[in-house]
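# An overview of the molecular structure
What follows is each chain in one-letter form.
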Amino acid sequence: KRSMISSEMGQLRDELRSVRATLIVTPRAEPLLHTRLDSITVSLATLERRLNGDPARSRLNQSDEMSISSRVGTATSTFGTRMPATETQREQVELAEVELDAFARDLRAFMEGDIARFRAALEAAGAPWTPGRGR
């Protein structure tokens, strides 16, 4: 489930990058569309940090609040051994499941709300086709 969500978010990130380049040549793109794109990009980055953690903090070996991916990594650290899961690992599995379910709901709401409305606004402004947007 986590890898499917990561893939969907990666596709959305690529779509937003394409849209940013396309907005420059969109005939009826008002400044508000650029502002909305910035806001959506920030929201997506926030969701990505919840799922995978802060890559900048990670590169600097600074502590960060535990991401869903970190919890899964902790929970699976003894896979491939004969050791039973520890209490901490079992707790991390439970927390990761709860957080991933909440994350999936938040991502779905984001896609069906902000993203859907933004795509409709792009269509209304006459934006050229970009990957991720149907025609």
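In this report, we go over the structure that sits alongside the text. Owing to the predicted nature of the structure, the values given are computational and were not obtained by experimental measurement.

## Describing the overall build of the protein
Across its full length, the protein holds 5 helices and 0 strands. Along the protein, from the amino end to the carboxyl end, the secondary structure elements read α-α-α-α-α. Its C-alpha atoms give the protein a radius of gyration of 19 Å, clearly above 14 Å, the size a compact globule of 135 residues would have. At a minimum sequence separation of 6, the contacts of the protein that also span at least 24 residues come to 68%. For the protein, the accessible area works out to roughly 8,600 Å², and carbon and sulfur atoms hold 55% of it.

## What about helix α2 (residues 31–52)?
In a regular helix each residue adds 1.5 Å, so 22 residues correspond to 32 Å; α2 covers 32 Å between its end C-alpha atoms and thus fits that length. Restricting attention to buried positions, one finds in α2 the residues Leu33, Leu37, Ile40, Leu44, Leu47, Glu48 and Leu51. One side of α2 carries all its buried residues, which in axial view fall inside an arc of 100 degrees. Seen from the open side of α2, the exposed residues pointing more than 90 degrees away from its buried face are Pro31, Leu32 and Val42.

## Overview of the pattern of salt bridges
One pass over the structure, following the stated rule, counts 8 salt bridges. Between Glu48 and Arg13 there is a salt bridge; the shortest N-O distance is 2.7 Å. Residue Glu48 is located in helix α2, and its partner Arg13 is located in helix α1 (residues 2–23); the two are separated by 35 residues in the primary sequence. A relative accessible area of 35% means that Arg13 is categorised as partly exposed. Across the salt bridge formed by Arg71 and Glu99, the nearest N and O atoms sit 3.0 Å from each other. Placement of Arg71 in helix α4 (residues 68–75) and of Glu99 in helix α5 (residues 87–124) is noted, with a sequence separation of 28 residues between them. Classification of Glu99 by relative accessible area gives partly exposed; the value is 24%.

## Focus on the side chain of Glu48
According to the relative accessible area criterion, Glu48 is buried, its value standing at 17%. When neighbours within four sequence positions are excluded, Glu48 is seen to be in contact with Met9, Arg13 and Gly53.

About the thresholds
- Residues numbered from 1 in each chain as written.
- Predicted model: local features only at pLDDT ≥ 70, side-chain atom pairs only at ≥ 80, totals over all residues.
- Heavy atoms only, no water.
- Helix = DSSP H or I, 4+ residues; strand = E, 2+ residues; numbered from the N terminus.
- Rg over C-alpha atoms; globule rule 2.2 N^0.38 Å.
- Contact = heavy atoms within 4.5 Å.
- Areas by Shrake-Rupley, 256 points an atom, 1.4 Å probe, with all protein chains shown as cover.
- Expected span 1.5 Å × (residues − 1).
- Buried < 20%, exposed > 50% of the residue type's maximum accessible area, 1.4 Å probe, protein only.
- Arc of directions from axis to C-beta.
- Salt bridge = Lys/Arg side-chain N within 4 Å of Asp/Glu carboxyl O.

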